[in-house]
Each structure stands twice: as C-alpha cells, then as structure tokens.
Amino acid sequence: MFQILLAIVSLAIWASIVIYYFRNPIYEWLDNRFGKDTPLADLESADKRDDSHKQNKG
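Residues numbered from 1 in each chain as written. Predicted model: local features only at pLDDT ≥ 70, side-chain atom pairs only at ≥ 80, totals over all residues. Heavy atoms only, no water.

Draft legend 1. The arrangement of the overall build of the chain in detail. Looking only at helices and strands, the chain features three helices and zero strands. Reading the helices (α) and strands (β) of the chain from amino to carboxyl end gives α-α-α. Counting every atom, the chain has about 6,200 Å² of accessible surface; 62% of that belongs to carbon and sulfur. (Helix = DSSP H or I, 4+ residues; strand = E, 2+ residues; numbered from the N terminus. Areas by Shrake-Rupley, 256 points an atom, 1.4 Å probe, with all protein chains shown as cover.)

Draft legend 2. View of the packing of aromatic side chains. Throughout the structure, instances matching the rule amount to two aromatic pairs. When the centroid spacing of 4.8 Å and the interplanar angle of 90° are considered together, the rings of Tyr21 and Phe22 count as edge-to-face. Ring centres 6.3 Å apart and planes at 85° place the aromatic pair Trp29 and Phe34 in the edge-to-face group. Assessed through its relative accessible area of 59%, Phe34 is described here as exposed. (Phe/Tyr/Trp six-rings, centres within 6.5 Å; stacked < 30°, edge-to-face > 60°. Buried < 20%, exposed > 50% of the residue type's maximum accessible area, 1.4 Å probe, protein only.)

Draft legend 3. Region of the structure containing the confidence of the model for the chain. Across the chain, pLDDT averages 82, with 69% of residues at or above 70. Per-element confidence in the chain ranges from a low mean pLDDT of 61 for helix 3 (residues 43–57) to a high of 96 for helix 1 (residues 2–21). (pLDDT = per-residue confidence, 0-100.)

Draft legend 4. Structural detail: helix 2 (residues 23–34). In this model helix 2 runs 16 Å from its N-terminal to its C-terminal C-alpha over 12 residues, within 8% of the 16 Å that 1.5 Å per residue would give. Within helix 2, only zero of the 12 residues are buried, which leaves it mostly out in the open. (Expected span 1.5 Å × (residues − 1).)

Draft legend 5. A nonpolar patch on the surface, seen in detail. Nonpolar side chains collect at one region of the surface, where Trp14, Val18, Ile19, Tyr21, Phe22, Ile26, Tyr27, Trp29, Leu30 and Phe34 lie side by side and expose about 1,200 Å² of accessible area between them. Of all the secondary structure elements, the ones that give two or more residues to the nonpolar patch are helix 1 and helix 2. With five residues, helix 2 is the single largest residue contributor to the nonpolar patch. Residue placement: Phe34 occurs in helix 2. (Patch = residues over 30% accessible without salt bridge, like charges linked within 9 Å, V, L, I, M, F, W, Y side chains within 5 Å. Salt bridge = Lys/Arg side-chain N within 4 Å of Asp/Glu carboxyl O.)

Following this line, the structure appears as structure tokens:
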C-alpha cells in the first residue's frame, strides 16, 4: 500500500513541476481556447457607408 501511495505522490510532484515550468504556454493556450474573443469589425456598417458615398456621387 505504501508503494502505491509513494507512486501517486511522486506523480503529483512531477505533474506540478511540469505545470509550473510550462505555465505561461499553458495559460496562453487556455486563454486562446476558452478566453473571450475580440469583436470583429462591423462589415455591414462599412458597406452602408460605401453605398451612401456612391449614391451621393451619382
């Protein structure tokens, strides 16, 4: 039983070391995967501005 407990503790220590070492890339990936997206430019309003400009010319 002690060997299983020792194996679990050693795996937890190794995992924590790896996560600590690679924490910046992990945080960047998590932010990219689950973070808030930046809004795209409103293409319809740009089209309407272009159309109104064309109408004023003609």
